[in-house]
Structures are given as structure tokens and as C-alpha cells.
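# Architecture at a glance
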Amino acid sequence: MSILVNADTRVICQGMTGRAGTHYSAAMIEYGTRVVGGVRPGRGSSRHLGLPVFDTVASAKADTGANASMVFVPPENAAAAMIEAIEAEMPLVVALTERVPLQDMIRVRDALKHGTTTLIGPNSQGILAPGVCKIGVMATGGERSGHIGILSRSASLTSEVTAQVSAAGLGQSTTVGIGGDAIHGLSMRACFELFLADPETHGVVIVGEIGSIEEEELADFIATSRPDMPVVALIVGRHAPERRRMGHSGAFIEGARNDAAGKIRALENAGVIIAESPHLVGETMQRALLIEA
Amino acid sequence: MNLQEFQSKMLLVRYGTDVPKGHPALTADDAQAAARSLGVERYAVKAQVPAGGRGRSKGVVLVSSPEEAGAAARGLLGETLVTEQTGPAGYLVRQVLVEEAIEANRSLYLAVLVDTARAEIVILAGPEGSEDIEDKLQSGETRIERLALAPGGALNETDVKALAQRLGLDAKLHSSFARLLGQLRTAFMENDATLIELNPLAITAAGTFVALDAKIVIDDNALFRHPDLMALRDDWEDDGVEIAAQSHQLNYVRMDGDIGVVVNGAGLGLATLDMIRAANGRPANFMDIRTTATSIDVAHGFTLLLDNPAVRSILVNVHGGGMQPCDIIADGLGIAMRRTGKARPTVVRLAGNNAEYARFRFQNFGCKVIDCPDMKEAVTRAVDEASARGESR
């Protein structure tokens, strides 16, 4: 089984008629995802990629029975598109758009509080349940079906780590790119909890990076909940170029916690096994599963 | 985008916030003339760099005459200012702000920023404005009060009053404090700021709030709707190379090693830097090719590395995606090598879309690359190539 998506997931694409929307919608159809339509204001009742196009998410949902939407709308309108999908009570929204303004995401998060939607991203690579459903831009070919859950804040490392895990002989239940932006939807911790609750997931790989305090929050959760499956984490940015600071306020909000060393310490203290580098993720998990058994 | 202090103050004045009278100056003569036009008793001459800690690092000079203001400017301009916030490289001072030095009866710390973890805009306020505020907070000598804005940015009157009381503000200052918070909130939201920080914020003997310093950061991702602010961007903050790279869809940061690094994706890039350091190598840069970059953009990036004499080897670590397959990166390297006639030992590690086709493109361009499909081996090889060339010099 998988988390967030399954064989009954019916996907529409907001922004399907754009260049990226077209390219990736077609790739998803080819992968076997049930793409059922697209949304493009002003282009309603036309067809694209052989599928119906609608003016609004609500009409697309009503007509196609879609239960997931992929947002491929340029940054200027991405927040409005996400809010439209949330207000249309789309159960799952996966936002791929990069460079969405920060204050727009405050409005999106506010809309989420009043809705029932699970939002992934923005700046997400998408979701990939091998052989079942792909939403987003993840490279395929390196994945295989199995029992490892992968959750990643880093877009570019997602495909990399998925391929490394497969190369170690381990398949994935689902790979989720939760998005690297400072404000986004589903948190690292919430995604981890979905994996914990999934009977088909037997181990979780975390891909984290410097910035934000999500790894620390996840570490706190793992330390108290003591999950009964191995957790392997790759945290990148130990040797990132030194960040210049502007003012003091960042230190007041996040403290000194969010550097790579701090994240690694917090996760290790919680019992998470650290993979030193991307090429070691698969074998580290393999060893952890053997010890567990 | 970090605004300079004088730009931040000009922006705040539009919202009604009081700042000291002052003028920016590019030369010592201009600074002297600026002081003369102000015609006050005491002047502050302030290096314009986008970082705090200037006072402690002698980036702010207090003087009593226009002549002294000119001399102070001469001492600052053209120097590199290093503070605890600039990193070791510091910033070159290209401009100073000459302004009236204000007597403060008392000073506060006041900031508006986005708390990303909670997805809300917050006001942070401290009863004491100071460059040492972080140390003092650590040692318990001072404290920071927090007030979150309601969705839409509304400020609740009762909350504001309570905040003013916690800061120990005189009751007669409460309404002007509330007005100031409203101004900052509006400036913050209308300009897509991610930070407005006033430290110190003076309270004068006459009972007015004056922002003695102001730092504003604008969200780069929102600049498309602020052409007026975009126009303020100049190359004073980053080095010119980094700005040029931006326009070619490249995120480039100079570092001090000898291995040129080219990756597609920030996370993959950070992982690559970590692996290079673990193999005892030293990166010369961080360069992340954005998904929207064309092969011409990529060529620009490779040219930056080939033109950098410190670079002894190049490591290309890319995972081709649907919109940016590996061959775009290969073409970029080929174009750059042909254009510049320069080359370095170049280790390529290609994975994902069109990795095979990229190898064919390298051949077509006559690029001699060291093909290492394994990431760890590729890193080791690039480190070896760099150190081999280092020794032969």
C-alpha cells in the first residue's frame, strides 16, 4: 500500500495547458496515473492531451470525480490556484510551483486551517507510489515497489535517494517530496506519521537540509513516540557556504538550532540512523532492517 | 533582497515613520556637503552595508562638524567592513549615510517578520534596543515580546496596548506606538517584506519614536510585483559574478577552494559540497543550475568556472529531470569550452534523463571528460585531479 495516493487516485492538473503542465501531465499518463482532466481559466470546454479542460477546480471535480489536484501554475497565481483547490474541498493538492512569494503562502496556510485539504508543497517534486501513481516531476525508472517510505525536503535529492534505495534492493511504498520552501503544506512530522500508520511501510528515509526547524520537530516526535521501524536520515548542508545574516530577528525565532550539525545531533539522540552521504542511504537502511529482524 | 539602510528609511518615511534627517553620499566631498546642508550639531556617518554590528565594528562614526563628517566618510569609503553578521569576507563600503545624530531618552528593539514555522507575521519587541541584544537575551539581561498578526494583518488594539505595557511605555506614548506598529505592518505587507527591523528605535525627549537604524529584506520571489523595489537592486551586495549568474538562472556562491562545482538542485549541491569536504577537497564555489536554465545559461556558468584561476578541477554532478535532461548540461560545457578555449580536468557524474545522450554530446563537442557514474568515485576523482594540479605548480 501507499500513503496519500493509491490506484483510485483521480488527478486533475491546474495549469495543464502550460509548457510544464503539458509535459508532466503527459508523463504521468504514460506512467499510468489516472489523469482525468485539467483546469485553465478561460479555456473551459476545450480539450488538451485528449482530456477535458475546465474553467474552475470545482467544475472539474464535479464532472470528473477527481480527488487530487496537481498545481502547475506560475508563481504569480500559484497561491490563488491552491486556495481555489482548497475551497473546492479537493482532498489532496500537490503544488509543484517554485518561487511562490512567502506572504502568499501565509494566506494558503490560513485557507488550509478552514478546509479539509492535505497540501503537499509548493516546490515539491510530487508523490510517487511505484507502479501505482505518480503526481509531479519525479524521475522514473529508478524506483521500485516495496516497503520503504521516503520523505524529502530537497527536490533534487528525491530522485537520487529513491534510486539509491532501489539499488540497495529495497523498494518504496511511497516517495513524497514535501517541498523545500520555508512555508509549505504537509510537514515533515505529519508525513512521517502517515508512514507510521501505513502497514506496508517498514522503514522510513528522511532527506533533510539546513534551514527551518522541521527536522528538529520530527526528532522531538520520534524521541517521544519511539516508532517500531528503522528511520534513516540524510541531512545535507554541513559545509554550505557561510550564510550572511541581516539583523537579529532570525536568531530570536529559530535560535541556533537549524544548522546541519544541530539537526543531525537531534535526530541521532532520537534514535535515527544518520547516512553520511546520499550514496550510503540504501545500504544504511538495509543494515538497519537486518538488525531489526 | 536586502535594502540598504538609507533605502529602508526612504521606504518607511512613505508610511509616516520618523527617521533622522539625512543623505546618502558616495564620496567624502558629498558627505561633507550633505552634513553642511543638514546644519545640525552632531552627525552620524554610517557605512552602508546590509548587516548589523556596524557600531561595534567602527562602521558608524559620530562627529560634530561637516569637515569631520567628510573625514569620517573618507575613512569608511573603499574599506571592507567585517562585522559578526557579514561573515569573514565582509562588505566593501561604497556609500555612507550622513544624518543628524539623535539623542535618545530610551531605545527599543522592534521588528516585523515572518515566523515561517507558524506561517504568520509577528512583531518582536524588546524593551532595550542594542547591538548586543542577542548576548543580552542569552544572559537574561533583556527579553523579547512577541505579538502575532491576525490573518489579513489586523492588529488588535488590546493586544497592542498590552505589548506597550509589557515594554514599560508611558501611557501617553501608547497611541503613537500603535500608529507606528500600523505603519510597519502596512509597509511590511504592501512591499512583500520578510523583515523590517528597527534597532535601535529611539524615544526622544519630545516623546516621538525615531528609527535610528532600519533593515528591510524584500522577498526575492515577490519582486515581480514590485518593479519600484527591483529598480533599487544594484550590485553592491553580492559580487558582480553572482548577479550575472542570477540572470542566467544559476545560483552561484563563491567559495575559497579549488574544485569548481556544477549541480542541478540545491539539495544535491549541498550534498556534493559535504562529500567534497569529507574527501578532504575544497569547493571553489556552489553552483546550482535552475530547472529553467538553457544550455546557453549553463555555458555561462561553466565559463565562470573556467575563467576562475583558482579552479583546478571541475566536478559536474547532475540528475537529469524531465524538463532539464543531462544533455543540456553537456551542451553547456561544450559551448563554454569552445568559446573560451579553456579546459580543466572535468569529472562528470550523470544520472537520470538522457545521461547516455549527454555522453554522445560530450564526444560531439570534443570535450574530454572523466565519466564517473558513481557519485562517491566522482567526488574522489575530482579531489585527486585538483590536488595533482596543485602540487605541480
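Residues numbered from 1 in each chain as written. Chains lettered and ligands numbered in written order. Predicted model: local features only at pLDDT ≥ 70, side-chain atom pairs only at ≥ 80, totals over all residues. Heavy atoms only, no water.

Looking only at helices and strands, chain B features 13 helices and 18 strands. When the accessible area of chain B is evaluated, it comes to approximately 16100 Å², of which 50% is carbon and sulfur surface. (Helix = DSSP H or I, 4+ residues; strand = E, 2+ residues; numbered from the N terminus. Areas by Shrake-Rupley, 256 points an atom, 1.4 Å probe, with all protein chains shown as cover.)

What follows deals with the packing of helix α6 (residues 188–197) of chain A against helix α7 (residues 214–225) of chain A. All names here are of chain A. One can describe the packing of α6 onto α7 by two numbers: an axis separation of 8 Å at closest approach and a directional angle of 40°. One finds that α6 runs oblique with respect to α7. Residues M188, R189, F192, E193 and L196 of α6 lie in contact with α7, whose contacting residues are E214, E215, L218, F221 and I222. (Axes fitted to C-alpha atoms, helices over the stretch in contact; angles between N-to-C directions. Parallel < 35°, antiparallel > 145°, perpendicular 65-115°, else oblique. Contact = heavy atoms within 4.5 Å.)

What follows concerns the domain arrangement of chain B. Residue and element names in this part refer to chain B. What the domain assignment reports for chain B is domain 1 (1–20 + 103–238), domain 2 (21–101) and domain 3 (240–391). Measuring from the centre of the C-alpha atoms in domain 1 to the corresponding centre in domain 2 gives 22 Å. Residue-level contacts link 18 residues of domain 1 with 22 residues of domain 2. When domain 1 packs against domain 2, the two sides together hide about 1500 Å² of surface, and 42% of this comes from carbon and sulfur. In this structure, the connection of domain 1 to domain 2 is made through 6 salt bridges. R56 is the partner of D132 in a salt bridge, and the nearest nitrogen-oxygen pair spans 2.7 Å. Connecting domain 1 to domain 2 are 12 residue pairs in polar contact (both at pLDDT 80 or more). Mapped onto the side of domain 1 that touches domain 2, the elements with two or more residues apiece are α1 (5–13) and α4 (133–138). (Domains from an automatic or database assignment. Buried area = accessible area lost by both parts, 1.4 Å probe. Salt bridge = Lys/Arg side-chain N within 4 Å of Asp/Glu carboxyl O. Polar contact = N/O pair within 3.5 Å; in protein donor to acceptor, adjacent residues only side chain to side chain.)

Moving on, we get to the sheet that holds strand β4 (residues 51–54) of chain A. In sheet architecture, strand pairing relies on hydrogen bonds along the backbone and comes in two forms, parallel and antiparallel. Residue and element names in this part refer to chain A. Strand order across the open sheet formed by 7 strands is β3-β4-β2-β1-β5-β6-β7, with mixed pairing between neighbours. The open sheet has two edge strands, β3 (47–48) and β7 (118–120), and neither has a second partner. Its contacts with the sheet put helix α2 (residues 57–64) on β1 (10–14), β2 (34–39) and β4, and the angle it makes with β1 is roughly 155°. (Pairing = 2+ DSSP bridges.)

What follows covers the interface of chain B and chain A. How large an interface is tends to be reported as the accessible area lost when its parts come together. In this complex, chain B contributes 73 residues to the contact, which on the side of chain A involves 47 residues. Between chain B and chain A, roughly 4800 Å² of surface is buried when both sides are summed, and carbon and sulfur atoms account for 60% of that area. When the buried area of chain B at its contact with chain A is split by residue, Q85(B), D274(B) and M323(B) rank highest and sum to 14% of it. Between the two partners, chain B and chain A, sit 3 salt bridges. Of the charged contacts in the structure, one is a salt bridge between R225(B) and D104(A), with a shortest N-O distance of 2.7 Å. The interface formed by chain B and chain A holds 13 residue pairs in polar contact (both at pLDDT 80 or more) in total. If you tally residues by element for the side of chain B that touches chain A, the top one is helix α9 (residues 266–278) of chain B, at 9 residues. Taken together, the residues of the side of chain B that touches chain A sort by class into 38 nonpolar, 18 polar and 17 charged. (Nonpolar A, V, L, I, M, F, W, Y, C, P; charged D, E, K, R; others polar.)

Let's shift gears to the confidence of the model for chain B. Residues and elements named next belong to chain B. Mean pLDDT for chain B: 92, with 97% of residues reaching 70 or above. Here helix α8 (residues 240–247) stands out as the element of chain B with the lowest mean pLDDT, 80, in contrast to strand β11 (residues 209–211), whose mean of 98 is the highest. The ipTM value of the predicted complex is 0.92, and its pTM value is 0.93. (pLDDT = per-residue confidence, 0-100.)

Next up on the list: the side chain of E214(A). Residues and elements named next belong to chain A. Positionally, E214 belongs in helix α7. Buried charge without a partner: E214 forms no salt bridge, and the closest opposite charge is R153, 4.5 Å away. Only 2.4 Å separates the side chain of E214 from the side chain of H184, close enough to count as a polar contact. The contact partners of E214, leaving out residues within four places of it in the chain, are R153, I178, H184, S187, M188 and K263. (Buried < 20%, exposed > 50% of the residue type's maximum accessible area, 1.4 Å probe, protein only. Lys, Arg positive; Asp, Glu negative; His and termini not counted.)

Now for the pattern of salt bridges. On inspection of all chains with the given rule, the structure shows 36 salt bridges over all chains. A salt bridge links E283(A) to R287(A); the shortest N-O distance between them is 3.9 Å. Residue E283(A) and its partner R287(A) are both found in helix α10 (residues 281–292); the two are separated by 4 residues, about one turn of the helix. For R287(A), a relative accessible area of 48% puts it in the partly exposed group. Residue E356(B) is joined to R359(B) by a salt bridge in which the shortest nitrogen-to-oxygen separation is 3.0 Å. Of this pair, E356(B) and R359(B) both sit in helix α12 (residues 355–365), 3 residues apart, roughly one helical turn.

Before going further, it helps to spend a moment on the environment of K376(B). The topology assignment puts K376(B) in helix α13 (residues 375–391). Residue classification places K376(B) among the partly exposed positions, given a relative accessible area of 41%. Separated by 101 residues in the primary sequence, K376(B) and M275(B) place their C-alpha atoms 7.6 Å from one another. Among residues more than four places away in sequence, those in contact with K376(B) are H279(A) and M275(B).

It is worth spelling out helix α10 (residues 295–306) of chain B at this point. All names here are of chain B. Its 12 residues give α10 an end-to-end C-alpha distance of 16 Å, which sits within 8% of 16 Å, the value for a rise of 1.5 Å per residue. With respect to burial, α10 is a largely interior element, 11 of its 12 residues being buried. Buried within α10 are the following residues: S295, D297, V298, A299, H300, G301, F302, T303, L304, L305 and L306. (Expected span 1.5 Å × (residues − 1).)

This part covers the pairing of strand β9 (residues 145–148) of chain B. Residues and elements named next belong to chain B. The side-chain alternation of β9 yields one buried face, formed by E145 and L147, and one unburied face, formed by R146 and A148. In this structure, strand β8 (residues 120–126) lies alongside β9, joined through 4 bridges in antiparallel fashion. Residue pairing for β9: V122 is matched across the bridge by A148.

Moving on, we come to the packing of helix α2 (residues 28–38) of chain B against helix α3 (residues 66–76) of chain B. Packed helices, taken two at a time, are described by the angle between their axes plus the distance between the axes. Residue and element names in this part refer to chain B. In contact at an axis separation of 8 Å, α2 and α3 are set at 150° when each is read in the N-to-C sense. On the basis of the axis angle, α2 is roughly antiparallel to α3. Crossing hand, α2 versus α3: right-handed. Contacts between α2 and α3 involve A28, D29, A31, Q32, A35 and R36 from the former and P66, E67, A69, G70, A73 and R74 from the latter. Split into classes, the residues belonging to the contact of α2 with α3 amount to 6 nonpolar, 2 polar and 4 charged. (Left-handed = near helix turned anticlockwise from the far one by under 90°.)

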